[in-house]
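Geometric and topological summary
Listed here are the chains, written in short residue letters.
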Amino acid sequence: MTGDPSQDFRCLGCGRGHPADGFPHLCPACGGLFTLRPEAISLPESWGPPGEGGLYRFRTALPLAADVPLATLGEGNTPLVTLKHDRWPVFCKLENLNPTGSYKDRGTVVLASALAHAGVRQVVEDSSGNAGASLAGYAARLGIAARVYVPAAASGPKRQQIAAYGAEVVAVPGPRSMAAEAVLGAVELGAVYASHVYQPHALGGYATIAYELVEQLGRGPGSVIAPVGHGSLLFGLSLGFEALKRHGRINRIPRLFGVQAAACAPVWAVHRGGAAALLLVAEGETVAEGIRVRSPLRGDQALAAVEGSRGAISVVEEEQIEAARRHLALAGVDVEPTSAVVWPALDELAESLEQPVVVVITGAGWKAPR
Ligand SMILES: [Zn+2]
């Protein structure tokens, strides 16, 4: 990376770079969404040794200037363990073991470090829980005051975790989209929006999962399956694999698969029926609260990555999610319901999967009540 936000990021609308200061969540010129430029990712000859302080070993591949200290809490370097599935072993990337209990920490460490370096002292964020907890944790480390808008129905442990880090929790009645609207009201009044979705910084952090997978497997995965909410995780993964391919570390991008809850499945609907199918999508109730997103901001980017890799989007029903959560816990991997969606998807996707198969376990079991 150049470490220069005007070079590493670009607006999807007009192509401008991210301004050096002010931390807008959308392009000030055209209102477009910023993204991380794939070609901006430059991988070093070799990574530093694991255990050198979280994502520090990937420092030069992150969209941060060289003089920005990384506010690490020891994120990343998560284990890859195999579980038995009916047909073959499945590699589980245990992102639930990150410092605040979810993969979000890989993105937050980049965003929070950039915010602190820019002198930002107060931020707002909205979240179904995991991104809010992650932001609250890193903000606490940096002495940044955080206010997090969460749906009033968000799981108790996540809300308590956000508050425990000293962040202010604003519970917003109604579905997830109401919390998103509430935070935009605060942003209009001048608050800095430390959004894990709008801000493009986190994408460079999520890409590090791809670097670790290739290192741990000793080759590229054949298929990677992950839950899809806003689409940032799948898109970030694809950026990482693209960079690995461009640098000759893998021969091809693995097939990427996304999983949504049937109750709220906009990316699946567009994958199956085109953009017009979005009109029929509901923001239905689901235990997979982390992917209950009716209007995914990076849905198009994630879908393009999935379809470009010869992957697919799958949906699972509520009873499958609960059953998979129990099954995984009985196999020793305790996950929140949102993360459990990947397991039943293995059956539906079986004919399309190429070995080795990786599922991303995004969040910890203690995040959600039983
Ligand atoms: Zn623009």
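Here the structure is shown first, and the text comes after it.
Scoring rules and cut-offs
Residues numbered from 1 in each chain as written. Predicted model: local features only at pLDDT ≥ 70, side-chain atom pairs only at ≥ 80, totals over all residues. Heavy atoms only, no water. Phe/Tyr/Trp six-rings, centres within 6.5 Å; stacked < 30°, edge-to-face > 60°. Helix = DSSP H or I, 4+ residues; strand = E, 2+ residues; numbered from the N terminus. Buried < 20%, exposed > 50% of the residue type's maximum accessible area, 1.4 Å probe, protein only. Contact = heavy atoms within 4.5 Å. Donors = N, O, S within 2.8 Å, 3.2 Å for Na, K, Ca; no water. Tetrahedral: all angles 85-135°; square planar, octahedral: opposite > 155°, others 65-115°. Core = buried A, V, L, I, M, F, W, Y, C linked by side-chain atoms within 4.5 Å. Axes fitted to C-alpha atoms, helices over the stretch in contact; angles between N-to-C directions. Parallel < 35°, antiparallel > 145°, perpendicular 65-115°, else oblique. Left-handed = near helix turned anticlockwise from the far one by under 90°. Nonpolar A, V, L, I, M, F, W, Y, C, P; charged D, E, K, R; others polar. Pairing = 2+ DSSP bridges. Right-handed = clockwise from strand over helix to strand, strands pointing away.

One pass over the structure, following the stated rule, counts five aromatic pairs. Here Trp47 and Tyr211 contribute two aromatic rings whose centre-to-centre distance is 5.0 Å and whose plane-to-plane angle is 25°, an arrangement assigned as stacked. Separated by 164 residues along the polypeptide, Trp47 in the loop between strand 2 (34-36) and strand 3 (80-84) and Tyr211 in helix 6 (residues 201-217) bring together distant segments of the chain. Between Tyr193 and Tyr198, the ring centres sit 5.4 Å apart and the planes meet at 50°, which makes this aromatic pair tilted. For the pair Tyr193 and Tyr198, a shared accessibility class is recorded, and that class is buried.

Within the element layout of this structure, Glu242 appears in helix 7 (residues 232-246). Between the C-alpha atoms of Glu242 and Leu217, which are 25 residues apart in sequence, the distance is 17 Å. Beyond its immediate chain neighbours, meaning those up to four positions away, Glu242 contacts Pro38 and Ile253.

Our next topic: the coordination of the zinc ion. Where a metal carries four tetrahedral donors, each ideal angle is 109.5 degrees; where it carries six octahedral donors, the ideal angles are 90 or 180 degrees. Around the zinc ion, the protein contributes the donor atoms Cys11 (SG), Cys14 (SG), Cys27 (SG) and Cys30 (SG), which lie 2.3 to 2.4 Å from the metal centre. One way to put it: the four donor atoms around the zinc ion meet at angles of 94 to 116°, and that makes the site tetrahedral. Each donor residue of the zinc ion belongs to the same chain, and together they define the spacing C-x2-C-x12-C-x2-C. Here Cys14 is found in the loop between strand 1 (9-11) and strand 2, whereas its partner Cys30 is found in the loop between strand 1 and strand 2, with 16 residues between them in sequence.

The topology assignment puts Val360 in strand 11 (residues 357-361). Placed 134 residues apart in sequence, Val360 and Ala226 show a C-alpha to C-alpha distance of 5.2 Å. Other than its neighbours up to four places away in sequence, Val360 contacts Lys93, Glu95, Val224, Ile225, Ala226, Pro227, Leu233, Leu237 and Val342.

This part takes up the nonpolar core. Counting 71 residues, the largest nonpolar core has Leu115, Val123, Tyr211, Leu237 and Phe241 as its most contacted members. If you tally residues by element for this core, the top one is helix 6, at 10 residues. Apart from the residues lying within four places of it in its own chain, the contact partners of Leu115 are Phe23, Val120, Val123, Ile144, Val192 and Ala194. Leu94, Ala340, Leu353 and Val359 belong to the second-largest nonpolar core, a separate cluster that totals 30 residues.

Most of helix 6 sits inside the fold, with 15 of its 17 residues counted as buried. Once helix 6 finishes, Gly218 follows within two positions and takes phi at roughly 75°, a positive value.

At a minimum axis distance of 9 Å, the contact between helix 2 (residues 104-117) and helix 3 (residues 130-142) shows a crossing angle of 40°. What the angle tells us is that helix 2 and helix 3 run oblique. As for how helix 2 packs across helix 3, the hand of that crossing is right-handed. Residues Lys104, Asp105, Thr108, Val109, Ala112, Ser113 and Ala116 of helix 2 lie in contact with helix 3, whose contacting residues are Asn130, Ala131, Ser134, Leu135, Tyr138 and Leu142. A class-by-class count of the residues in the contact of helix 2 with helix 3 yields seven nonpolar, four polar and two charged.

This paragraph deals with the sheet that holds strand 11. Spatial strand order, 3-4-11-8-9-10: six strands in an open sheet with mixed pairing. Both edges of this open sheet fall to strand 3 and strand 10 (312-316), since each of them pairs with a single strand only. In this sheet, adjacent strand axes meet at a mean angle of 30° when their direction is disregarded. Relative to strand 4 (residues 89-94), strand 3 is paired through five bridges, and the arrangement is antiparallel. From the neighbouring strand, Thr82 faces strand 4, where its bridge partner is Phe91. Taken strand by strand, helix 10 (residues 318-330) contacts strand 3, strand 9 (255-261) and strand 10, and its axis lies near 90° from that of strand 10.

Moving on, we come to the environment of Ala140. Within the secondary structure layout, Ala140 lies in helix 3. Judged by its relative accessible area of 40%, Ala140 falls in the partly exposed class. Residues Ala140 and Ala61 lie 79 residues apart in sequence; the distance between their C-alpha atoms is 25 Å.

What follows concerns the sheet that holds strand 5 (residues 122-126). The strands making up a sheet associate through hydrogen bonds between their backbones, and the pairing can be parallel or antiparallel. A sheet is described by the order of its strands in space; here three strands give the open sequence 5-6-7, paired in parallel fashion. Of all the strands in the sheet, the pair left with one neighbour each is strand 5 and strand 7 (168-172). Taken pair by pair, the neighbouring strands of this sheet meet at an average axis angle of 20°, ignoring direction. In this sheet, strand 6 (residues 145-151) lies alongside strand 5 in parallel orientation, the contact comprising five bridges. What sits directly across from Asp126, in strand 6, is Tyr149. Along the sheet face, helix 3 touches strand 5 and strand 6 and points at about 165° away from the line of strand 5.

Counting buried positions along strand 9 yields seven of seven residues, so the element is predominantly enclosed. Pairing analysis gives five bridges linking strand 8 (residues 223-227) to strand 9, with the strands arranged parallel. Residue pairing across strands places Ile225 opposite Phe257, the latter belonging to strand 9. Handedness of the strand 8-helix 7-strand 9 crossover: right-handed. Strand direction decides the pairing type here: strand 9 and strand 10, joined by five bridges, are parallel.

Such coordinate-based values are descriptive only and should not be taken to indicate function.
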